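The residues making up each chain are set out below.
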Amino acid sequence: MPSLLRALDPGRVRLWEAIRTIIAAVAALLVAGKVAHAAHLPGGMTVIATVVAVMVSRSLHGTSLAHRLSALASVPVIGILAAFTGRFMVSHAWLGAALYVAAVWASRYVMRFGGTVRHLGRLALTPLISVMVVPIPPSAAKATGPFWGGLAGLIAVACVVAVQTLLPADPARQAARAAEDFVRTAHHLRTLPPGTRRHTRVERTLHHVALVTEDRLDAALLPDRAPLAALSTALLRAEVLATSPHSASVRAPSDEPRVSRDSRVSRDPRDAALDAALDEVRRRARALRALRAREAAAKAAPAPHRRPGGWRNPQPQARLSLQLAAAMGAAFAVGHVAFHQRWTWTVITAFVVCGAARSRGDVVHRSGLRVCGAVTGALTGTLVAHLVAGAPVLAVTVIFGYLLAGLWLRELNYAIWAFCVTSLLAVLYTLDGETGSALLIQRPEGILLGSACGIAAACFVLPLRTETVMRARAAGALHVLQDLVGAAREPQPEPAAVHRLARALDRATRDLAEAAAPARAHRCLKLIRSRTTRTSSIRFPSSPRPARSGTARGAASSAARPSHLPEAVPAPRPALPPGPQAPVLPVLPAPHPGPAPAAAHAADWADALAACAHAARALAGKEADELATVRDHLGLTALNVGQVRRRLGHRPDATPPRPARIAPPYLARLNSCLADLYERLPAPPVPVPTTSSPASAAPTATAG
């Protein structure tokens, strides 16, 4: 179990982030509780401050000090507006719901501009969602003015900024711990037979650990970046050696080990090189662990490129914001009609499903994970809430336990986060006075209806196809691959530039994998369905067919024949006359109309592009002199990458990549992966020829 946890969370990066969030939430709970007790306010203000602290902590993670200080001013102002909206919603349900949906849409829409505006839009969502998470009774809404909501937001942001300042992350030490986890995972990979599913899974885990280490190295701020660069170079070289195909590493049973003069078994040079590379990674990690580094602020996401078409072809972020508004509007209507006082589960589910969606398939995929995790969490959380109903301290401890587990493991699977959040909300609502066995049915019903509202909005309100998002990210990854091959083709290649572009390609492929998660789930469902259909279509014959003589069944039938009956002997064929004869074609039975060959799935070419990135990673493990000797072969690879990019862009002039017959093995493997990717990409649509009348098709006679 400890080795599994190291692989799931290399360097314990997410665990430390979750612990800091819990500390900030507890501090906000205690401070807001003291203020509410002194001002004789209801407990809803305390819960609002805690929820805002949890959400703001994730938004402010990895940001600069200027962004954190700006949150001290922006979040309280938005908190006042959110509290006013929640108070207005109690007395005017439908008008307040419309005002609330408009505020959420505006916050989501401004995120399309990127930079500081995107950051402010993300922060604006936290007080709005906290008002929806915390139930607001009419008496509390009248007793608590809207300015107390601003104070709750100020307390939450102040606690988060204080905790992140007093307990900063150390990216250098986290990278060193992650590098040590990389070494352990690489040794575990060597013990597994190649080609098995377990080997593939551990190899994928090894790549994940390497990327987490690289991310921490990039986030570290040191006066001298030489130790960071040395560990990064050693890590990439070790990963290339550990994941390269070992055709000679598995010795045949008939091979005898060669024994040297000192009676020691000679080792494979590849294994010796891998041992030396892993030792280098371990040595560099130990040297880096003794240093202290500050965390650099993450770069703000740039604004996406505008698509042509104007208002007739809205931008992806505009589409997603309109889908969010439509889903929440429908969830408000359905929740009020179906559940009256307990409509918040439907609205929260609609927001969670559509709030961070990337495409239509992502909404469906996220809805499925939300339903699986939230329904299970609603059932188990309600049962746990009944067990801790009479102990408020124990209930609060259970809530923070759920929160810690969800924050730590949310990146593994969204269903885990949905399970933990729904469970803690069930315990929280029980503390507020919601009890009864009917909640076991009403909460899953609200989650299902909220997911249905989100799916309907994603499918019918300016839908954004999953393959469109995947193609955009694949185009970015292929552009990086083109730059990588171009950097390796330089007359004097720079190893640092090749290394940087190889890791950029890995990150672009990781972004594509995140967008392709719905496509992989769809492919898995299609595979299960095809297997089920194939199994159910098998028909077993009621009686055995007559067997031919000479087979096992024919021998059995001959043995079963009575001895007094003569065996039928086939008549001899007449001899053919001499001379050339026409070939006698055998009469074959009509082929059975089987299923048509399935077209390549979108997840297939996404996996093929990941294989190309894996093969291209070998370029970063070569020396500059070796890259200079294969410069001509890299020219063919660059042409093949260009053909794949044309195929992805539906260019009619795209041609299949040419194989490299005399290239080194790693370049031949890369060209083979590019050819496989080309074949898996869908062909451009064939234009339908316009039919013309015979009169117009005939040549026109000229006068004269």
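## Quick look at the overall build of the protein chain
In terms of helices and strands, the protein chain carries 27 helices and two strands. When contacts within the protein chain are restricted to residue pairs at least 6 apart in sequence, long-range pairs at least 24 apart make up 80% of them. When the accessible surface of the protein chain is summed, it comes to about 38400 Å², and 63% of that surface belongs to carbon and sulfur atoms.

## Section: the pattern of salt bridges
A complete count under the given rule lists 29 salt bridges for this structure. One salt bridge connects Asp653 with Arg646, and the closest N-O pair in it is separated by 3.8 Å. For Asp653, a relative accessible area of 39% translates into the label partly exposed.

## Side note on the packing of helix H5 (residues 93-109) against helix H13 (residues 316-339)
Across the interface, H5 lies against H13 with an axial gap of 9 Å and an inter-helix angle of 160°. Comparing the axis directions of H5 and H13 gives the class roughly antiparallel. H5 and H13 meet at a crossing whose hand is right-handed. Side by side, H5 and H13 meet where Ala93, Trp94, Ala97, Tyr100, Val101, Val104, Trp105, Arg108 and Tyr109 of the first sit next to Gln317, Ala318, Leu320, Ser321, Leu322, Leu324, Ala325, Met328, Gly329, Phe332, Ala333 and His336 of the second. Looking at side-chain class alone, the contact of H5 with H13 contains 16 nonpolar, four polar and one charged residues.

## So, helix H14 (residues 344-355)
If you check H14, its first and last C-alpha atoms are 16 Å apart, about what twelve residues at 1.5 Å a residue would give, namely 16 Å. Most of H14 sits out of view: eleven of its twelve residues are buried. Of the residues making up H14, those classed as buried are Thr344, Trp345, Thr346, Val347, Ile348, Thr349, Ala350, Phe351, Val353, Cys354 and Gly355.

## As for the packing of aromatic side chains
Counted under the stated rule, the structure contains five aromatic pairs. Ring centres of Tyr100 and Phe332 lie 5.9 Å apart, and the angle between their planes is 75°; on these two criteria the pair is classed as edge-to-face. Taken together, the positions of Tyr100 in helix H5 and Phe332 in helix H13 put the pair 232 residues apart, joining distant regions of the chain. By relative accessible area, Phe332 is classed as buried at 2%. Ring centres 6.3 Å apart and planes at 75° place the aromatic pair Tyr402 and Phe419 in the edge-to-face group.

## Re the nonpolar core
With 59 residues, the main nonpolar core has Tyr100, Val104, Met132, Met328, Phe332 and Leu403 as its most contacted residues. It is helix H17 (residues 414-431) that contributes the most residues to this core, ten residues altogether. Not counting residues up to four positions away in its chain, the partners in contact with Met132 are Met89, Tyr100, Phe332, Trp343, Thr344, Val347, Ile348 and Tyr429. Of all hydrophobic cores here, the second largest spans 56 residues; its members include Leu464, Leu505, Ala603 and Leu674.

## Focus on the confidence of the model for the protein chain
Predicted coordinates in regions of low pLDDT should not be interpreted in detail. For the protein chain, the mean per-residue pLDDT works out to 81, and 79% of the residues sit at or above 70. Per-element confidence in the protein chain ranges from a low mean pLDDT of 43 for helix H22 (residues 552-560) to a high of 95 for helix H19 (residues 466-488). Counted against residues more than four places away or in other chains, residues 247-266, with its pLDDT under 50, gives ten contacts. Residue range residues 542-598 is modelled with pLDDT below 50. Its contacts to residues more than four positions away, or to other chains, number eight contacts.

## Brief notes about the packing of H19 against helix H23 (residues 602-616)
Axis separation between H19 and H23 bottoms out at 11 Å; the angle between their running directions is 15°. Between H19 and H23, the angle falls in the class roughly parallel. Where H19 crosses over H23, the two elements pack in a sense that is left-handed. Here Glu467, Met470, Arg471, Ala474, Ala477, Leu478, Leu481 and Leu484 of H19 come into contact with H23, specifically with Ala602, Trp605, Ala606, Leu609 and Ala616. A class-by-class count of the residues in the contact of H19 with H23 yields eleven nonpolar, no polar and two charged.

## Focus: unusual backbone geometry
For Arg12, which is not glycine, the phi dihedral falls at a positive 55°. Here Arg12 is to be found in the loop between helix H1 (2-8) and helix H2 (13-39). At Leu462, a residue that is not glycine, the phi angle is positive and equals roughly 45°. Mapped onto the elements of the fold, Leu462 is located in the loop between helix H18 (439-460) and H19.

## Considerations on a nonpolar patch on the surface
Where nonpolar side chains cluster on the molecular surface, the patch consists of Ile19, Ile23, Leu166, Leu167 and Leu404 and spans about 400 Å² of accessible area. Looking at the element boundaries, Ile23 is found in helix H2. The exposure class of Ile23 is partly exposed, given its relative accessible area of 37%.

## Details of the environment of Thr422
Structurally, Thr422 can be placed in helix H17. Those residues in contact with Thr422, other than ones at most four positions away along the chain, are Trp345, Arg370, Ala374, Gly377, Ala378 and Ile447. From its side chain, Thr422 meets the backbone oxygen of Ala418 in a polar contact 2.6 Å long.

## Some words on helix H3 (residues 44-59)
Compared with the 22 Å implied by 1.5 Å per residue over 16 residues, the 23 Å span of H3 between its first and last C-alpha is a close match. For H3, the buried fraction is high: twelve of the 16 residues fall into the buried class. Within the span of H3, buried status applies to Met45, Thr46, Ile48, Ala49, Thr50, Val51, Val52, Ala53, Val54, Val56, Ser57 and Ser59.

## Brief notes about the state of the cysteines
Under the counting rule described, the total for this entry stands at zero disulfides. Cys453 takes part in no disulfide bond, and the closest cysteine sulfur, belonging to Cys354, lies 9.1 Å away. Of all cysteine sulfurs in the structure, the one in Cys354 sits closest to Cys459, which takes part in no disulfide; the separation is 9.7 Å.

## Overview of the environment of Thr637
Counting through the fold element by element, Thr637 comes out in helix H25 (residues 631-648). Taking the C-alpha atoms as reference, Thr637 lies 10.0 Å from Arg489; in sequence the two are 148 residues apart. Sequence-distant contacts of Thr637, defined by excluding residues within four places in its chain, comprise Val485, Leu667, Leu670, Asn671 and Leu674.

## Comments concerning the side chain of Ser74
Residue position: Ser74 is located in helix H4 (residues 65-91). Beyond its immediate sequence surroundings of up to four residues, Ser74 is in contact with Leu120 and Leu123.

## Let's talk about the environment of Phe339
Counting through the fold element by element, Phe339 comes out in helix H13. Residue classification places Phe339 among the buried residues on the basis of a relative accessible area of 11%. For Phe339, the contacting residues outside a window of four places in its chain are Val334, Thr346, Gln442, Glu445, Gly446 and Leu449.

What counts, and at which threshold
- Residues numbered from 1 in each chain as written.
- Predicted model: local features only at pLDDT ≥ 70, side-chain atom pairs only at ≥ 80, totals over all residues.
- Heavy atoms only, no water.
- Helix = DSSP H or I, 4+ residues; strand = E, 2+ residues; numbered from the N terminus.
- Contact = heavy atoms within 4.5 Å.
- Areas by Shrake-Rupley, 256 points an atom, 1.4 Å probe, with all protein chains shown as cover.
- Salt bridge = Lys/Arg side-chain N within 4 Å of Asp/Glu carboxyl O.
- Buried < 20%, exposed > 50% of the residue type's maximum accessible area, 1.4 Å probe, protein only.
- Axes fitted to C-alpha atoms, helices over the stretch in contact; angles between N-to-C directions.
- Parallel < 35°, antiparallel > 145°, perpendicular 65-115°, else oblique.
- Left-handed = near helix turned anticlockwise from the far one by under 90°.
- Nonpolar A, V, L, I, M, F, W, Y, C, P; charged D, E, K, R; others polar.
- Expected span 1.5 Å × (residues − 1).
- Phe/Tyr/Trp six-rings, centres within 6.5 Å; stacked < 30°, edge-to-face > 60°.
- Core = buried A, V, L, I, M, F, W, Y, C linked by side-chain atoms within 4.5 Å.
- pLDDT = per-residue confidence, 0-100.
- Patch = residues over 30% accessible without salt bridge, like charges linked within 9 Å, V, L, I, M, F, W, Y side chains within 5 Å.
- Polar contact = N/O pair within 3.5 Å; in protein donor to acceptor, adjacent residues only side chain to side chain.
- Disulfide = S-S within 2.5 Å.

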